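# Examining the three-dimensional arrangement
Here's the letter readout for the chains.
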Amino acid sequence: MASGATYTPIATQTLGSNTPSISFNSIPQTYTDLVLVSSYQMSGGSAGYDLCIQVNGDTGNNYSDTYVSSTGSGTPPSGRNTSTNKFILDAYGYPATSTSYTANVTTFLNYSNTTTYKTSLTRANSTYGVDAIVNLWRNTAAISSMLLFMSSNNLAAGSTFTLYGLAAA
Amino acid sequence: MANPTLVQLATTTVGSGGVSSVTFSSIPQTYTDLKLVVSGKTDYTGAAYDLGYVGFNGVTTNLSFIRLQGSGSAASSTSGTGGIFFRANASGTGSTNTFGNAEIYIPNYTGSTNKSASVDSVEENNGTEAYTGLFAGLWSSTAAITSLTAYPNNGNWAQYSTFYLYGIKNS
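The present account deals with the structure reproduced in this document.

Residue and element names in this part refer to chain B. If you walk through the whole model with that rule in mind, you get 13 aromatic pairs over all chains. When the centroid spacing of 5.1 Å and the interplanar angle of 25 degrees are considered together, the rings of Tyr 53 and Tyr 151 count as stacked. Of the two residues, Tyr 53 sits in strand E4 (residues 49–56) while Tyr 151 sits in strand E11 (residues 148–152), which places them 98 residues apart along the sequence. Through successive ring pairs, a cluster of aromatic residues spans Tyr 53, Phe 65, Phe 85, Phe 135 and Tyr 151. Above the plane of the ring of Phe 99 lies Lys 41, whose end atom (NZ or CZ) is 5.4 Å from the centre. A cation sits over an aromatic face here: Lys 169 above Tyr 31, 5.4 Å from the ring centre.

Here's what the structure looks like:
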């Protein structure tokens, strides 16, 4: 491992109450990759909602995702959305229950370059399912901010979100 | 700029003769997340592939998982209890020098909520058979994780298996 290839915490947020969204702003451009580690619940609601991210304030249909999932039985569903307005960070979107939290690790690769579209890799895990997802943001701008929110309802109190920087060297 | 906070807490390399389990005890409570990285092989000779699983604080109760698995030709979903599982190699025909690899990430291991885990794992049998196993793991306990034990699903952990435990701080 290169000496610089380690987790450096950039910012962390722990929710004291149910919250519609959180932001990470002024993300340093000094790392190679970003890793977002999330432990979260949704406040109420039912299955079918997702943790979502919009970057750099872009609300246009400039995102896409491809996923494969498991709910523990049957043929694993796989699919893609080619034109959406957000990153999808748990394709099955089941809100964790009051006694457990979804464990989500998402890596944004080469986020600070200004020549390529940006991709992310997500592994989301809850009592309802396993998701592996790749997202694409069709924009060459460096990622400097993120807005996190649920596709419905709020992020629940007790949820934690930490953004780490990884340097290649 | 904050300091890097991925810290290696402990390592184990299995010696000659193998071991029935690998335990990391007295885990410091000063980190936010834990990451266990395994290069694992069991001495089970009935197949070339196997599984390992993790338990916490000396127990393997109240543990459950959901698995998404790919074999190169088909994908499948299963669920179960008794541990947080991951793919490993075994010692059957065709497994010479092959070890499975797994990364188990556990956020908020000192918290007072149930503990969720994210597992990415893979094993390959010298080009003739391979599995990718993605697991969602849950320990339904509000206790902080103070020890972690990795068990082979069959037999013992074989010589040269390695287990690295890391702590990650969020500040």
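A separate point is the sheet that holds strand E9 (residues 102–109) of chain A. All names here are of chain A. Strand order in the open sheet made by the 8 strands is E1-E14-E3-E9-E10-E11-E6-E7, with antiparallel pairing throughout. Two strands close off the open sheet at either side, each with one partner strand: strand E1 (7–14) and strand E7 (78–84). Geometrically, the sheet is characterised by an average inter-axis angle of 15 degrees between neighbouring strands, direction not taken into account. Here strand E3 (residues 33–40) pairs with strand E14 (residues 160–166) via 7 bridges, running antiparallel. Note on E14: the bridge partner recorded for Val 37 is Thr 162.

What follows deals with the environment of Thr75(A). By the element assignment, Thr75(A) lies in the loop between strand E6 (63–70) and E7. Spatially, the C-alpha atoms of Thr75(A) and Gly158(A) are 33 Å apart, while their sequence positions differ by 83 residues.

Residue and element names in this part refer to chain B. A large share of strand E3 (residues 33–40) lies buried, amounting to 7 of its 8 residues. Pairing geometry for E3 and strand E12 (residues 162–168), over 7 bridges, is antiparallel. Of the residues in E12, the one forming a bridge with Leu 36 is Leu 165. In this sheet, strand E8 (residues 100–106) lies alongside E3 in antiparallel orientation, the contact comprising 7 bridges. Of the residues in E8, the one forming a bridge with Val 38 is Ala 102.

Rules used in this analysis
- Residues numbered from 1 in each chain as written.
- Chains lettered and ligands numbered in written order.
- Predicted model: local features only at pLDDT ≥ 70, side-chain atom pairs only at ≥ 80, totals over all residues.
- Heavy atoms only, no water.
- Phe/Tyr/Trp six-rings, centres within 6.5 Å; stacked < 30°, edge-to-face > 60°.
- Helix = DSSP H or I, 4+ residues; strand = E, 2+ residues; numbered from the N terminus.
- Lys NZ or Arg CZ within 6 Å of the ring centre and 35° of its normal.
- Pairing = 2+ DSSP bridges.
- Axes fitted to C-alpha atoms, helices over the stretch in contact; angles between N-to-C directions.
- Buried < 20%, exposed > 50% of the residue type's maximum accessible area, 1.4 Å probe, protein only.

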